[in-house]
Amino acid sequence: GAGVSQSPRYKVAKRGQDVALRCDPISGHVSLFWYQQALGQGPEFLTYFQNEAQLDKSGLPSDRFFAERPEGSVSTLKIQRTQQEDSAVYLCASSLDTLNTEAFFGQGTRLTVV
Amino acid sequence: AQSVTQLGSHVSVSEGALVLLRCNYSSSVPPYLFWYVQYPNQGLQLLLKYTTGATLVKGINGFEAEFKKSETSFHLTKPSAHMSDAAEYFCAVRTPTSGTYKYIFGTGTRLKVLA
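Okay, so let's go over this structure. (Residues numbered from 1 in each chain as written. Chains lettered and ligands numbered in written order. Predicted model: local features only at pLDDT ≥ 70, side-chain atom pairs only at ≥ 80, totals over all residues. Heavy atoms only, no water.)

So, on to the overall build of chain B. A tally of helices and strands in chain B yields zero helices and twelve strands. Listing the helices and strands of chain B from first to last along the sequence gives β-β-β-β-β-β-β-β-β-β-β-β. The C-alpha radius of gyration computed for chain B amounts to 14 Å, which stays within 12% of the reference 13 Å derived for 115 residues, consistent with globular compactness. Reported as C-alpha extents along the three principal axes, the dimensions of chain B are approximately 45 × 30 × 20 Å. Intrachain contacts of chain B at a sequence separation of at least 6 include 57% that bridge at least 24 residues. As presented, chain B carries roughly 5300 Å² of accessible surface, and 52% of it is formed by carbon and sulfur atoms. Both charge centroids of chain B, one from 10 positive and one from 6 negative side chains, sit 8 Å from each other. (Helix = DSSP H or I, 4+ residues; strand = E, 2+ residues; numbered from the N terminus. Rg over C-alpha atoms; globule rule 2.2 N^0.38 Å. Contact = heavy atoms within 4.5 Å. Areas by Shrake-Rupley, 256 points an atom, 1.4 Å probe, with all protein chains shown as cover. Lys, Arg positive; Asp, Glu negative; His and termini not counted. Charge placed at Lys NZ, Arg CZ, Asp CG, Glu CD.)

The next point concerns the interface of chain A and chain B. Each partner contributes to the interface: chain A provides 25 residues, whereas chain B provides 20 residues. Where chain A abuts chain B, roughly 1900 Å² becomes buried across the two surfaces, and 51% of that area is made up of carbon and sulfur atoms. Viewed at the interface, chain B and chain A are joined by zero salt bridges. Our enumeration of links across chain A and chain B arrives at six residue pairs in polar contact (both at pLDDT 80 or more). For the side of chain A that touches chain B, the secondary-structure elements that each account for two or more residues are strand E4 (31-37) and strand E5 (44-50) of chain A. The residue makeup of the side of chain A that touches chain B, split by class, is nine nonpolar, eleven polar and five charged. (Buried area = accessible area lost by both parts, 1.4 Å probe. Salt bridge = Lys/Arg side-chain N within 4 Å of Asp/Glu carboxyl O. Polar contact = N/O pair within 3.5 Å; in protein donor to acceptor, adjacent residues only side chain to side chain. Nonpolar A, V, L, I, M, F, W, Y, C, P; charged D, E, K, R; others polar.)

All right, on to the side chain of Ser95(A) then. By the element assignment, Ser95(A) lies in strand E9 (residues 88-95). Beyond its immediate stretch of four places on either side in the chain, Ser95(A) contacts His29(A), Val30(A), Ser31(A), Phe33(A), Thr101(A), Glu102(A) and Ala103(A).

Here the focus is the state of the cysteines. All told, the structure shown has two disulfides over all chains when counted by the stated rule. Between Cys23(A) and Cys92(A) runs a disulfide, and the two sulfur atoms are separated by 1.9 Å. Where Cys23(A) bonds to Cys92(A) through sulfur, the torsion about that S-S bond is close to -65°, and the disulfide is left-handed. Here the residue Cys23(A) occupies a position in strand E3 (residues 19-24), and Cys92(A) occupies one in strand E9, the gap between them amounting to 69 residues. Relative accessible area serves as the criterion here: at 0%, Cys92(A) is assigned to the buried category. Two residues, Cys23(B) and Cys91(B), share a disulfide whose sulfurs are 2.0 Å apart. Across the S-S bond linking Cys23(B) and Cys91(B), the dihedral sits near -65°, which makes this disulfide left-handed. With Cys23(B) in the loop between strand E3 (19-21) and strand E4 (24-26) and Cys91(B) in strand E10 (residues 87-95), this pair connects stretches of sequence that are 68 residues apart. In this pair, the class of Cys23(B) matches that of Cys91(B), namely buried. (Disulfide = S-S within 2.5 Å. Buried < 20%, exposed > 50% of the residue type's maximum accessible area, 1.4 Å probe, protein only.)

A separate point is the nonpolar core. Trp35(B), Leu48(B), Phe74(B), Leu76(B) and Tyr89(B) are the most contacted members of the largest nonpolar core, which has 27 residues in total. At four residues, E10(B) tops the list of elements feeding residues into this core. Residues in contact with Leu48(B), not counting those within four places in the same chain, are Leu33(B), Phe34(B), Trp35(B), Val57(B), Lys58(B), Gly59(B), Phe63(B), Glu64(B), Ala65(B), Phe74(B) and Leu76(B). With 20 residues, the next largest nonpolar core counts Cys23(A), Leu32(A), Ala67(A) and Tyr90(A) among its residues. (Core = buried A, V, L, I, M, F, W, Y, C linked by side-chain atoms within 4.5 Å.)

Keep in mind that these numbers describe shape and distance, not what the molecule does.
Here it is in structure tokens:
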């Protein structure tokens with residue numbers, strides 16, 4: 001498709017379980033972002049990639065969160081030993097370059113930790 | 001550090017009335033400013049953006065915003081609200097010239113349009 005694709009759309013995990021969230025950005029987009037959006041809140045920055053390089057991971061809340069983009073296209077956000085506070089919508093976005101172009105967002109993955 | 005403040009978490013307007021959603025930003029360098037809209041269970045869609053040049057920017061669906069540096073504001077307006085405008089609106093700031101590439105979002109304003 002032409003847009004940013006995220007899978008799965010919905011994920012229910014038991015507390016302590018590991019999860020992996022996938023993002024397929026728009027083809028050719030250099031920049032890729034991950035955001036966490038809690039219910040009723042704005043998106044909170046997690047991490048940023050420029051091609052395969054993770055240039056900013058200042059928003060990752062703990063060392064349980066890990067993201068990768070090994071070939072500069074598809075990205076995976078991994079959360080280890082999930083906790084209830086990890087329940088949120090995880091949004092992926094991509095943009096063509098690093099300057100003033102807009103970010104295109106996927107529909108998000110809603111993670112519920114029970 | 002950059003930040004965004006959206007005044008009013010909920011705004012209600014009558015159909016056909018003016019829409020005004022407020023956004024103030026804080027930035028030590030010239031900012032790039034964005035308004036995004038989010039419909040239920042959807043991702044964010046860009047309405048409009050300001051980078052450089054003309055301070056009044058027009059976007060999709062009849063929305064526009066004006067960058068006012070002296071007021072550090074980027075308020076979103078639409079002359080006449082439509083029922084389909086009901087959604088959550090997010091203002092965002094970005095300062096790539098500072099070496100920071102992330103978008104920083106406000107907490108959002110939920111717009112309700114009354115028939």
